[in-house]
Amino acid sequence: MENSKKVVLITGGSGLLGSSLARYLADQKFHPVILDLTKQEATKNIDFISCDIVDRNSVKKAFIEVQSKYKIISGIVHCAAINPKVNSDENKLVSFFEDTFETFNFEIDVSIKGCLNVLQEFIPLMQNAHSKSEGSIVLVGSDLSVIAPDQRIYIDKKGNQTFFKPVSYSIIKHAMLGLTKYLSTYFASQGIRVNCISPGPILENQPDYLIQNLINRIPMGKLAHTKDIVGAIQFLLDDTSSYITGQNIVVDGGRTTW
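Now for a description of the structure that goes with this document. Just so it is clear, the structure is predicted and the values come from calculations on it, not from any experiment. (Residues numbered from 1 in each chain as written. Predicted model: local features only at pLDDT ≥ 70, side-chain atom pairs only at ≥ 80, totals over all residues. Heavy atoms only, no water.)

This paragraph deals with the sheet that holds strand β7 (residues 248-251). The parallel open sheet is built from seven strands, whose spatial order is β3-β2-β1-β4-β5-β6-β7. Each having just a single partner strand, β3 (47-50) and β7 make up the two edges of the open sheet. Neighbour-to-neighbour, the strand axes of the sheet open up by a mean angle of 20°, direction not taken into account. Where strand β1 (residues 6-11) lies against strand β4 (residues 75-78), four bridges are found, and the strand directions are parallel. The partner of T11 across the bridge, within β4, is H78. (Pairing = 2+ DSSP bridges. Helix = DSSP H or I, 4+ residues; strand = E, 2+ residues; numbered from the N terminus. Axes fitted to C-alpha atoms, helices over the stretch in contact; angles between N-to-C directions.)

If you want it as structure tokens, here you go:
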């Protein structure tokens with residue numbers, strides 16, 4: 001690793017956005033370190049550490065590995081989350097009154113407890129770094145951090161409701177904003193900035209009817225690609241955003257302005 005490269009941890013870095021972000025940052029002035037359970041082969045410019053962020057002992061082991069190899073880190077991006085897929089065979093049509101909330105605690109654990117576990121362990125490595133440059137934490141929210149799910153987008157061309165976005169997802173993504181504001185004020189005096197990035201819908205093999213329903217609600221008339229999101233995250237990690245903290249940047253093609 002080049003000495004000039006800034007080490008950035010990415011939770012959920014094996015997912016759609018996280019993996020794209022890791023590749024993008026690796027081509028910039030960053031050295032991404034993925035924390036995830038899903039195996040990713042380490043490359044010359046990207047490291048992978050197997051880590052269950054819900055398990056504090058697993059996070060502690062990852063900390064020891066990172067501390068031993070890098071000493072300091074400059075950024076943390078929390079991408080890890082559970083997002084039920086519309087076109088998954090595992091997901092049945094479940095209304096609010098039918099929801100048994102069986103996965104509720106797990107979803108909260110991954111998104112919120114997992115985030116806090118990582119921050120509690122790794123922020124000390126960032127505090128050691130901020131005498132040279134400011135540390136930056138980016139939490140990944142969603143357009144559903146600021147608006148409610150529009151369940152009508154899941155009505156297909158035959159008029160059938162095919163899916164309901166669960167209440168847990170709204171709770172988790174709104175929580176990212178609360179965490180951002182809390183952490184940004186708590187660590188501001190230590191030179192650590194905390195911001196949230198809230199992407200709109202990202203194209204990922206959704207059914208055609210869903211894509212069209214979403215496009216109809218987006219002023220720019222298209223869904224995002226991961227490349228549309230990663231640049232905004234880099235901006236928040238970089239020194240060019242050195243006077244920005246406690247903010248939520250919505251990257252949604254204008255969806256939440258309607």
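The next subject is the side chain of R255. Here R255 shows up in the segment after β7. Setting aside residues no more than four positions away along its own chain, R255 makes contact with D143, I147, D150, I153, P201, L214, R217, I218 and P219. (Contact = heavy atoms within 4.5 Å.)

Here a disulfide denotes a covalent bond joining the sulfur atom of one cysteine to the sulfur atom of another. Scanning all chains against the criterion turns up zero disulfides. The thiol sulfur of C79 is not disulfide-bonded, and the nearest other cysteine sulfur, from C115, lies at 11 Å. On the accessibility criterion, C79 (14% relative accessible area) is buried. This cysteine, C196, is not joined by any disulfide, and C115 carries the nearest cysteine sulfur, 9.9 Å off. (Disulfide = S-S within 2.5 Å. Buried < 20%, exposed > 50% of the residue type's maximum accessible area, 1.4 Å probe, protein only.)

Let us look at a nonpolar patch on the surface. A contiguous nonpolar surface patch, about 530 Å² in accessible area, is contributed by F96, F97, F101, V167 and I171. Looking at the secondary structure, you find V167 in helix α4 (residues 167-187). V167 gets classed as partly exposed once you look at its relative accessible area, which sits at 32%. (Patch = residues over 30% accessible without salt bridge, like charges linked within 9 Å, V, L, I, M, F, W, Y side chains within 5 Å. Areas by Shrake-Rupley, 256 points an atom, 1.4 Å probe, with all protein chains shown as cover. Salt bridge = Lys/Arg side-chain N within 4 Å of Asp/Glu carboxyl O.)

Here the focus is the packing of aromatic side chains. One pass over the full model with this rule turns up seven aromatic pairs. Each ring, one from Y182 and one from Y186, has its centre 5.9 Å from the other, and the planes form 20°; the classification is stacked. Here Y186 and Y182 lie together in helix α4, a separation of four residues that amounts to about one turn. Taken together through their ring pairs, the aromatic side chains of F96, F97, F101 and F104 make up a single cluster. Cation over ring: K165 sits above Y169, and NZ or CZ is 4.5 Å from the ring centre. (Phe/Tyr/Trp six-rings, centres within 6.5 Å; stacked < 30°, edge-to-face > 60°. Lys NZ or Arg CZ within 6 Å of the ring centre and 35° of its normal.)

Position of I155 relative to the elements: it lies in the loop between β5 (135-140) and α4. Sequence separation of I155 and N213 is 58 residues, and the distance between their C-alpha atoms is 8.4 Å. If near-sequence neighbours (up to four positions away) are discounted, I155 is found in contact with N160, Q161, Y209 and N213.

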